[in-house]
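The lines below spell out each chain.
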Amino acid sequence: KGEQQGVFQTEAQKSDKQDQSHARRDNGVLLQIVPNQQLQLERNTLNAQTAVFGEEIGENAFRGFSCLESITLPSSIKKISACAFSECKNLKRVIMKEGIEEIQDEAFSSCDSLTSVSIPDGILSIGDEAFSSCDNLTSVSIPNSVTRIEGRAFYGCTALTSVTLPASVITI
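Everything numeric here is computed off the predicted structure, so don't read it as measured data.

(A) Quick peek at the overall build of the protein. Counting its regular elements, the protein contains 1 helix and 14 strands. Residues classed as buried in the protein amount to 43% of the 172 residues present. Within the protein, contacts between residues at least 6 apart in sequence are counted, and of these 31% link residues at least 24 apart.

(B) Inspection of the pattern of salt bridges at higher detail. Counting across every chain of the model gives 6 salt bridges. Close ionic contact of aspartate 128 with arginine 152 constitutes a salt bridge, the shortest N to O distance being 3.1 Å. Here arginine 152 lies in the loop between strand S13 (148-149) and strand S14 (162-164) and aspartate 128 lies in the loop between strand S11 (125-126) and strand S12 (139-141), a separation of 24 residues in the sequence. The shortest N-O distance in the salt bridge between glutamate 129 and arginine 152 comes to 3.0 Å. Placement of glutamate 129 in the loop between S11 and S12 and of arginine 152 in the loop between S13 and S14 is noted, with a sequence separation of 23 residues between them. Each of Asp128, Glu129 and Arg152 takes part in one network of salt bridges that share partners.

(C) Main features of the sheet that holds S14. What the 3 strands build is an open sheet, ordered S10-S12-S14; its pairing is parallel. In the strand order of this sheet, the two ends are held by strand S10 (116-118) and S14, each with one partner. Recorded for the sheet is a direction-independent mean angle of 5° between the axes of neighbouring strands. Pairing geometry for S10 and S12, over 3 bridges, is parallel. Considered in S12, the bridge of valine 117 is made with valine 140.

(D) Looking closely at the confidence of the model for the protein. Residues at a pLDDT of 70 or more form 69% of the protein, whose mean pLDDT is 75. Ignoring residues within four places in sequence, the model shows residues 47-52, a span with pLDDT below 50, making 15 contacts including any to other chains.

(E) Inspection of a nonpolar patch on the surface at higher detail. A surface patch of nonpolar side chains, amounting to about 300 Å² of accessible area, comprises Val163, Leu165 and Ile172. Within the element layout of this structure, isoleucine 172 appears in the segment after S14.

(F) Representation of unusual backbone geometry in the model. Non-glycine residue serine 110 carries a positive phi angle of around 60°. Checked against the element boundaries, serine 110 lands in the loop between strand S9 (102-103) and S10. Residues other than glycine seldom take positive phi values, yet glutamate 129 does so here, at roughly 55°.

(G) Up close: the packing of aromatic side chains. Going through the model one piece at a time under the given rule, you end up with 5 aromatic pairs. Summarising the aromatic geometry, the rings of phenylalanine 62 and phenylalanine 65 are spaced 5.5 Å apart at their centres and angled 90° between planes, so their arrangement reads as edge-to-face. Each member of the pair phenylalanine 62 and phenylalanine 65 is classed as buried. Centre to centre, the rings of phenylalanine 108 and phenylalanine 131 are 5.3 Å apart; their planes meet at 5°, and the pair counts as stacked. Of this pair, phenylalanine 108 sits in the loop between S9 and S10 while phenylalanine 131 sits in the loop between S11 and S12, placing them 23 residues apart in sequence. The class for phenylalanine 131 is buried, based on a relative accessible area of 1%.

How each quantity is defined
- Residues numbered from 1 in each chain as written.
- Predicted model: local features only at pLDDT ≥ 70, side-chain atom pairs only at ≥ 80, totals over all residues.
- Heavy atoms only, no water.
- Helix = DSSP H or I, 4+ residues; strand = E, 2+ residues; numbered from the N terminus.
- Buried < 20%, exposed > 50% of the residue type's maximum accessible area, 1.4 Å probe, protein only.
- Contact = heavy atoms within 4.5 Å.
- Salt bridge = Lys/Arg side-chain N within 4 Å of Asp/Glu carboxyl O.
- Pairing = 2+ DSSP bridges.
- Axes fitted to C-alpha atoms, helices over the stretch in contact; angles between N-to-C directions.
- pLDDT = per-residue confidence, 0-100.
- Patch = residues over 30% accessible without salt bridge, like charges linked within 9 Å, V, L, I, M, F, W, Y side chains within 5 Å.
- Areas by Shrake-Rupley, 256 points an atom, 1.4 Å probe, with all protein chains shown as cover.
- Phe/Tyr/Trp six-rings, centres within 6.5 Å; stacked < 30°, edge-to-face > 60°.

Structure, rendered in structure tokens:
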């Protein structure tokens, strides 16, 4: 079980632009993206469909990536690990495709610009403080597949005015 260096690819790279960073991986799990000085995501958007992640985005992988404004996560991702996108201060939009099963602790905490979250069907649990301190989060839609929402999942979301909770939630 060894750590490998890899290259994180975006659509911009595919069109021959200098747009890459180095990724640390361990057995196919994305652990961390370490940007080089030339990192420019296409329109500040991470389209994970064009990157090779495996089934999990590891702990702290994109933590503090202030250049991110939008993320699209493909159905091949099964787990968003703890703090994976926390402190992405300019993150406004997250698109999660069906197939993701778990959002772990603090995965999107302190994403100050995030305004709404639509959690796709298939997610079973939302971790402790998963969306805590998302100051501009106003609405959350939780699908019928969710059975467990850990403590403080939306703690400190002072603008939150709408949460749709299905009957399937057994534990909050």
